[in-house]
Amino acid sequence: IEHNGGNGTFFADFLRYVDDEIIVILSTNDSEVRGGRISHALGRLAHGDDVPVPKPPVAAGAAKPLGTAGRDAVIRAWFDAFNAQGFEAMRAFRAAHATPRPGMDDAEREKRLTQMRADLGQLDPEGIIDTTEAEVTVRAKGSQGPVATFRFMFAPDGKLDGIGVEVGD
């Protein structure tokens, strides 16, 4: 179970591994530290996993362009659905590309989508800044001004299993 958030200055992340009785809480007044990566690394360390030294952040303009197949195609489809008017495109995206999430109803999803659209505006993906076996991290520029980092988490079947968003450079 996890939840995070920030405002461009502060960032907080909460991870709870219910079966293992482990909780990771990270809070910082420096949104540049990429807190989500740190908290997930702490969770892996708490489970006894080896954790590689993190890569330095990718400079603006150095992102790898999104491709047109596989996970890149799913990510492009998500940005297209985000930028579409109304909710129908995002509903169709979820039906085709996302792991079902029974814990959240459409009204809550659409409320969150509306708020993200208001905060960010139209999103223009700048490219991939990190890739692992289960995740692809993409930087995007919003038409309202902010830059956001999206961490797309994939299930083994290739379906989108979750998205983490960090707003700020």
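Please refer to the structure placed before this passage.
Caption draft 1: Summary view of the sheet that holds strand E2 (residues 11-17). Ordered by their spatial adjacency, 3 strands build an open sheet running E1-E2-E3, and the pairing between neighbours is antiparallel. The sheet is open, and its two borders are formed by strand E1 (2-6) and strand E3 (22-28), each paired with just one other strand. Going from strand to strand, the sheet's axes swing by 0° on average, the running direction of each strand aside. Of the strand pairs in this sheet, E2 and E3 are connected by 7 bridges, and their pairing is antiparallel. Among the inter-strand pairings, tyrosine 17 is bridged to a residue of E3, identified as isoleucine 22.

Caption draft 2: Molecular detail of the environment of arginine 71. Within the secondary structure, arginine 71 is located in helix H2 (residues 70-83). On the basis of relative accessible area, arginine 71 is assigned to the partly exposed category, the value being 24%. C-alpha separation for the pair arginine 71 and methionine 153, spaced 82 residues apart in sequence, amounts to 9.8 Å. When sequence neighbours within four positions are dropped, the list of residues in contact with arginine 71 reads Thr131, Thr132, Glu133, Ala134, Glu135, Val136 and Phe154.

Caption draft 3: Main features of the sheet that holds strand E5 (residues 135-142). Strand order in the open sheet made by the 4 strands is E4-E5-E6-E7, with antiparallel pairing throughout. Edge strands, defined here as strands with exactly one partner in the open sheet, are strand E4 (123-131) and strand E7 (160-167). Between one strand axis and the next, the sheet turns by 25° as a mean value, whatever way the strands run. Across 7 bridges, the pairing between E5 and strand E6 (residues 147-154) is antiparallel. The residue of E6 that forms the bridge with arginine 139 is threonine 149. The sheet strands contacting H2 are E4, E5, E6 and E7, and the helix crosses E6 at an angle near 130°. Its contacts with the sheet put helix H4 (residues 106-120) on E4, E5, E6 and E7, and the angle it makes with E6 is roughly 145°.

Calculation notes
- Residues numbered from 1 in each chain as written.
- Predicted model: local features only at pLDDT ≥ 70, side-chain atom pairs only at ≥ 80, totals over all residues.
- Heavy atoms only, no water.
- Pairing = 2+ DSSP bridges.
- Helix = DSSP H or I, 4+ residues; strand = E, 2+ residues; numbered from the N terminus.
- Axes fitted to C-alpha atoms, helices over the stretch in contact; angles between N-to-C directions.
- Buried < 20%, exposed > 50% of the residue type's maximum accessible area, 1.4 Å probe, protein only.
- Contact = heavy atoms within 4.5 Å.

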